[in-house]
Amino acid sequence: MAAMSGKIAQNVIVAQNRQLGSQYRRESHRPVPFMSNLLPIHGGKLAWTCLFSMKLPSLPIYQSGFVNRRTTINCNAASSATAVPNLEKVDFLKLQNGSDIRGVAIAGVEGEPVSLTEPVTEAIGAAFAAWLLEKEKTDASWPLRISIGHDSRISASVLLDAVSQGVAGAGLDVIQFGLASTPAMFNSTLTEDETVLCPADGAIMITASHLPYNRNGFKFFTNGGGLGKPDIKDILERAADIYSKFTGEGLTNSKRRASASVKRVDYMTLYASDLVKAVRKAAGNIEKPLEGFHIVVDAGNGAGGFFAAKVLEPLGANTSGSQFLEPDGLFPNHIPNPEDKAAMEAITQAVLDNKADLGIIFDTDVDRSAAVDAIGREFNRNRLIALTSAIVLEEHPGTTIVTDSVTSDELTTFIEKKLGGKHHRFKRGYKNVIDEAIRLNSIGEESHLAIETSGHGALKENNWLDDGAYLMVKLLNKLASARTSGIGGGSKVLTDLVEGLREPAVAVELRLKIDQNHPDLKGGSFREYGEAVLKHLENLVTLDPKLQKAPVNYEGVRVSGHGGWFLLRLSLHDPAPSNEDAVKLGLTVASAVKEFHALDTSALDKFVQPS
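- An unreviewed UniProt entry lists the chain under the name phosphoglucomutase (alpha-D-glucose-1,6-bisphosphate-dependent), from Erythroxylum novogranatense.
- Checking UniProt for the chain, the heading Sequence similarities (unreviewed entry) contains the comment "Belongs to the phosphohexose mutase family."

**Focus on the confidence of the model for the chain**
For step 1, the next point in the chain: In this model, the chain carries a mean pLDDT of 81, and residues with pLDDT of at least 70 account for 78%.
For step 2, the next point in the chain: Across residues 1-80, where pLDDT falls below 50, the model places 302 contacts with residues more than four positions away in sequence or in other chains.
For step 3, the next point in the chain: Confidence drops under a pLDDT of 50 for residues 571-578, and excluding neighbours within four residues, the segment shows 64 contacts in the predicted structure.

**A short note on the pairing of strand β16 (residues 447-451)**
For step 1, the next point in the chain: The element β16 is extensively covered by neighbouring structure, given that five of its five residues are classed as buried.
For step 2, the next point in the chain: With four bridges joining them, strand β14 (residues 400-403) and β16 adopt parallel strand pairing. Opposite Thr-403, over in β16, you have Ile-451 as the bridge partner.

**Some points on the sheet that holds strand β13 (residues 378-379)**
For step 1, the next point in the chain: On the basis of which strands lie adjacent, the open sheet formed by four strands has the order β10-β11-β12-β13 and mixed pairing. The open sheet has two free edges, formed respectively by β10 (295-298) and β13, since each of these has just one partner strand.
For step 2, the next point in the chain: Strand direction decides the pairing type here: strand β12 (residues 369-373) and β13, joined by two bridges, are antiparallel. Opposite Val-372, over in β13, you have Glu-378 as the bridge partner.

**Examining the packing of helix α10 (residues 381-395) against helix α13 (residues 468-484)**
Think of two packed helices as two axes; the pair is described by the angle between the axes and how far apart they sit.
For step 1, the next point in the chain: Packing of α10 against α13 brings their axes to within 11 Å, and their N-to-C directions diverge by 60 degrees. It follows that α10 is oblique to α13 by the angle criterion. Judged by the sense of rotation from one axis to the other, the crossing of α10 with α13 is left-handed. In this structure, α10 contributes Leu-384, Leu-387, Thr-388, Ile-391, Glu-394 and Glu-395 to the contact, and α13 contributes Leu-471, Met-472, Lys-474, Leu-475 and Lys-478.

**Points about the pattern of salt bridges**
For step 1, the next point in the chain: Applying the stated criterion across every chain yields a total of 25 salt bridges.
For step 2, the next point in the chain: When salt bridges with common partners are traced through the structure, they connect Glu-339, Asp-363, Arg-368 and Arg-381 into a single cluster.

**Observations regarding empty space enclosed by the protein**
For step 1, the next point in the chain: Roughly 40 Å³ of internal volume is contained in the largest cavity.
For step 2, the next point in the chain: If you trace the largest cavity, you find it lined by Phe-293, Leu-479, Ala-482, Arg-483, Ile-487, Gly-488, Gly-489, Gly-490 and Val-493.
For step 3, the next point in the chain: Among the elements that take part in the lining of the largest cavity, α13 stands out by supplying three residues, more than any other.
For step 4, the next point in the chain: Across the lining of the largest cavity, the residue classes break down as five nonpolar, three polar and one charged.

**Examining the sheet that holds β16**
For step 1, the next point in the chain: A sheet is described by the order of its strands in space; here five strands give the open sequence β15-β14-β16-β17-β18, paired in mixed fashion. Sheet topology places β15 (422-425) and β18 (465-466) at the edges, where each strand pairs with a single neighbour.
For step 2, the next point in the chain: In terms of strand pairing, β16 meets strand β17 (residues 457-459) through three bridges, oriented antiparallel. In the sheet register, Ala-450 faces β17, and the bridge partner there is Ala-458.
For step 3, the next point in the chain: Taken strand by strand, α10 contacts β14, β16 and β17, and its axis lies near 165 degrees from that of β16.

**Side note on the environment of Thr-195**
For step 1, the next point in the chain: Within the secondary structure layout, Thr-195 lies in the loop between α4 (182-187) and β6 (202-206).
For step 2, the next point in the chain: For Thr-195 and Val-265, which are 70 residues apart along the polypeptide, the C-alpha to C-alpha distance reads 8.5 Å.
For step 3, the next point in the chain: Reaching out from Thr-195, the side chain makes a polar contact with the side chain of Asp-193 at a distance of 2.4 Å.

**A short note on the nonpolar core**
For step 1, the next point in the chain: Ranked by size, the top nonpolar core spans 71 residues in total, and within it Leu-290, Phe-306, Phe-307 and Leu-476 carry the most contacts.
For step 2, the next point in the chain: Per element, the largest residue contribution to this core is 10 residues, and it comes from α13.
For step 3, the next point in the chain: Leave out the neighbours within four places in its chain, and Phe-307 touches Leu-275, Val-297, Leu-312, Ile-360, Phe-362, Ala-469, Met-472 and Leu-476.

**Observations regarding the environment of Asp-404**
For step 1, the next point in the chain: By the secondary structure assignment, Asp-404 is in the loop between β14 and α11 (409-418).
For step 2, the next point in the chain: Taking relative accessible area as the criterion, Asp-404 reaches 0% and is therefore assigned buried.
For step 3, the next point in the chain: The spatial distance from the C-alpha of Asp-404 to the C-alpha of Ile-434 is 9.6 Å, given a sequence separation of 30 residues.
For step 4, the next point in the chain: Among residues more than four places away in sequence, those in contact with Asp-404 are Arg-425, Phe-426, Lys-427, Arg-428, Val-433, Ile-451, Glu-452 and Thr-453.

**A few points about the packing of aromatic side chains**
For step 1, the next point in the chain: Inspection of every chain in the model, using the stated rule, returns 10 aromatic pairs.
For step 2, the next point in the chain: Centroid distance Phe-177 to Tyr-267: 4.7 Å. Interplanar angle 10 degrees. Geometry classified as stacked. Placement of Phe-177 in strand β5 (residues 173-179) and of Tyr-267 in the loop between β9 (263-264) and α7 (268-282) is noted, with a sequence separation of 90 residues between them.
For step 3, the next point in the chain: Overall, Phe-177 belongs to the buried group, its relative accessible area being 7%.
For step 4, the next point in the chain: According to the relative accessible area criterion, Tyr-267 is buried, its value standing at 0%.

**A short note on unusual backbone geometry**
For step 1, the next point in the chain: Look at the link from Cys-198 to Pro-199: it is a cis peptide, with omega at 15 degrees.
For step 2, the next point in the chain: On the secondary structure map, Pro-199 appears in the loop between α4 and β6.
For step 3, the next point in the chain: Phi is positive for Asn-463, which is not a glycine, with a value near 60 degrees.
For step 4, the next point in the chain: Considering the arrangement of structural elements, one finds Asn-463 in the loop between β17 and β18.

**So, the side chain of Ser-389**
For step 1, the next point in the chain: Take Ser-389: it is sitting in helix α10.
For step 2, the next point in the chain: At 2.6 Å, the side chain of Ser-389 and the backbone oxygen of Ile-385 are in polar contact.

**Structural notes on the packing of helix α2 (residues 118-136) against helix α3 (residues 156-169)**
For step 1, the next point in the chain: One can describe the packing of α2 onto α3 by two numbers: an axis separation of 7 Å at closest approach and a directional angle of 45 degrees. With respect to their mutual orientation, α2 and α3 come out oblique. For α2 against α3, the interelement crossing comes out right-handed. In this structure, α2 uses Glu-118, Thr-121, Glu-122, Gly-125, Ala-126 and Ala-129 to contact α3, whose residues at the interface are Val-158, Leu-159, Ala-162, Val-163, Gln-165, Gly-166 and Val-167.
For step 2, the next point in the chain: Residues of the contact of α2 with α3, tallied by class, amount to seven nonpolar, four polar and two charged.

**Here's the deal with the pairing of β5**
For step 1, the next point in the chain: Most of β5 sits inside the fold, with six of its seven residues counted as buried.
For step 2, the next point in the chain: For the crossover that starts at strand β4 (residues 145-150), traverses α3 and ends in the parallel β5, the hand is right-handed.
For step 3, the next point in the chain: Of the pairings in the sheet, the one linking β5 to β9 comprises two bridges and is parallel in character. In the strand pairing of β9, Ile-175 is matched with Lys-263.

Procedures and definitions
Counting from 1, residues in each chain are numbered in the order their sequence is written. Where local features are concerned, this predicted model is filtered to residues with pLDDT of at least 70; where side-chain atom pairs are given and counted, the filter is 80 or more; whole-chain, interface and lining totals use all residues. Based on all heavy atoms of the structure, the side-chain values leave hydrogens and waters out of the count. UniProt positions are given in the numbering used here, feature names are shortened, and annotations may be inferred rather than shown by experiment. Confidence of the predictor at the level of single residues is given by pLDDT, which spans 0 to 100. Throughout, a contact is declared for two residues whenever any of their heavy atoms are within 4.5 Å. When accessible area is computed with a 1.4 Å probe and restricted to protein chains, residues below 20% of their type maximum are described as buried, those above 50% as exposed, and intermediate ones as partly exposed. Only DSSP runs of H or I with at least four residues qualify as helices, and only runs of E with at least two residues qualify as strands; both kinds are numbered from the N terminus onward. Here a strand pair is declared whenever DSSP counts at least two bridges between the two strands. Lines fitted to the C-alpha atoms define the axes, with helices restricted to the stretch that makes contact. Angles between their N-to-C directions range from 0 to 180 degrees. Here the word oblique covers every angle except those under 35 degrees (roughly parallel), over 145 (roughly antiparallel) and from 65 to 115 (roughly perpendicular). By definition, any crossing whose near helix is turned counterclockwise from its far helix by less than a right angle is left-handed, and any crossing with a clockwise turn is right-handed. Between Lys or Arg on one side and Asp or Glu on the other, a salt bridge is scored when a side-chain nitrogen of the former is within 4 Å of a carboxyl oxygen of the latter. Only protein atoms enter the 1 Å grid used here, on which a cavity is any set of points holding a 1.4 Å probe that cannot leave and a pocket is any open set flanked by protein within 12 Å on both sides along at least five of seven lines; residues with an atom within 4 Å of a point are listed as lining. Grid points are joined across faces, edges and corners, and a volume is the space filled by probe spheres set on the points. We call Asp, Glu, Lys and Arg charged. Ala, Val, Leu, Ile, Met, Phe, Trp, Tyr, Cys and Pro are nonpolar, and the rest, Gly among them, are polar. In protein, a polar contact requires one atom able to donate a hydrogen and another able to accept it; more generally it is a pair of N or O atoms within 3.5 Å, and residues adjacent in sequence count only if both atoms are side-chain atoms. For the purposes of this section, nonpolar cores are sets of buried Ala, Val, Leu, Ile, Met, Phe, Trp, Tyr and Cys residues that join through side-chain atoms within 4.5 Å. Each Phe, Tyr or Trp ring (for Trp, its six-membered ring) is paired with any other whose centre lies within 6.5 Å, and the angle between the two planes then decides the class: stacked below 30 degrees, edge-to-face above 60, tilted in between. Looking down the strands as they point away from you, a crossover is right-handed if its path from the first strand over the helix to the second goes clockwise.

What follows is the structure, encoded as structure tokens:
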């Protein structure tokens, strides 16, 4: 992570227009017995990310005699036990990646030593259990329940065992979902259905999104949503303390406890059935509202393969030609990432080859998605935001659409002038965007959609969960309701919704790295250096009548001019009308940063040099 390493990349976006078996439950629920066998664990940019600290006392759950308000926690080691020898020293805070934990889980890539070892992972599981116990602060005579799922990564089984041992060792119940999506894990904290041991008090998703096969990580949820940066930092601090107190006896006890108590349930079938119900409801409760539609799915060998057989087919859609539905953690076909060019080319070709009405593609853990219409036009980035905004604004006229900072000026025009909504451009990062939409609602400004250009889309009606599958359900609802109304034309009903959106002809993302060891920094903060770059650029822009600084902007410096725009921020990305005009914008940035010698401007220099 750049903020941890000190190697910061400054980004410039240049754009121009054209584009659990328990008989106990929460006090508010009647105890319902669950008939189940106990099963053993199944496996043997300018990214100046500010890490906010919320200092909470660590809970020494690996020492004897720990009691909290809820219940006595059975310790998995006596405090006098001998510490485990040969445990490597670990800087847990380096595992933080914003509101996630990420690290290397598989050896074999040169220069990337394994950081998510089994003991590290067990400590993280125990730390989340301790965090959750402290957060709940509820007097009760039963343990909390934590659901755990994973995507298709080859390290999933080992990490699932280890994190389950950490949770079980702390005295909490563990429910394993197996292959699951990130949105489903959050949803498990909201579902009230004892047959699948829900609601869970907390949830853990084992994923590293679209990162390479050797990486993995964790996302955490409660019924209030995903944990934020301060919570992740707190959990990692607790994990470091727990890890330092590990004993051989303790690790053995936690493994035995987990092996004897872990439950497994099929939650994904229930989750998928809820998506099916949503589409049927939108179509007037017709059993198969997508009958006659040909829709292909590309899951990229991640966790999204369920969508074809468990969502689309029950709705009547023909899914022949769907591809890469089988989970394969080596991702042999393409990176499961709707932002990846090769991935979008793959789903586009599948649509054209099969003469399908619509193509749907997911990232590894299904919290992001994109689509392709019948003639191969992509609904991703600004076009996906425009399409979803059009659907939401039909349902909630005038509502505010919250996006990240790199959306285009023309998207603003489309949302506000054509759709009659309000575009609120905020900071980059899906959690930032979602939290901002929630904040706006809390102060009386209605917002029903928070969506980032990467494909993270969250709706108020869906508990602000960034769910790639639910986002596609919104598109399916439109298709199904149109069919019910007698409107034909396949995906044209979707394409028509974005008619008039001008799109960038040129889109360039450049990253300018700051050399922390350069003498110009004089031992100072690389953040301060970067902020000096931004301030200097801002001053220069005011001297050029052809350029206009955005009056409202939440990160970096955003400037419009020459028919397009650019954004220089502590990270960068996105669109520009001709390459010539895009270069003009690039030259503005180049001129401003030339005096900052610790900034590696090679990518920018290459872009603006004469061809």
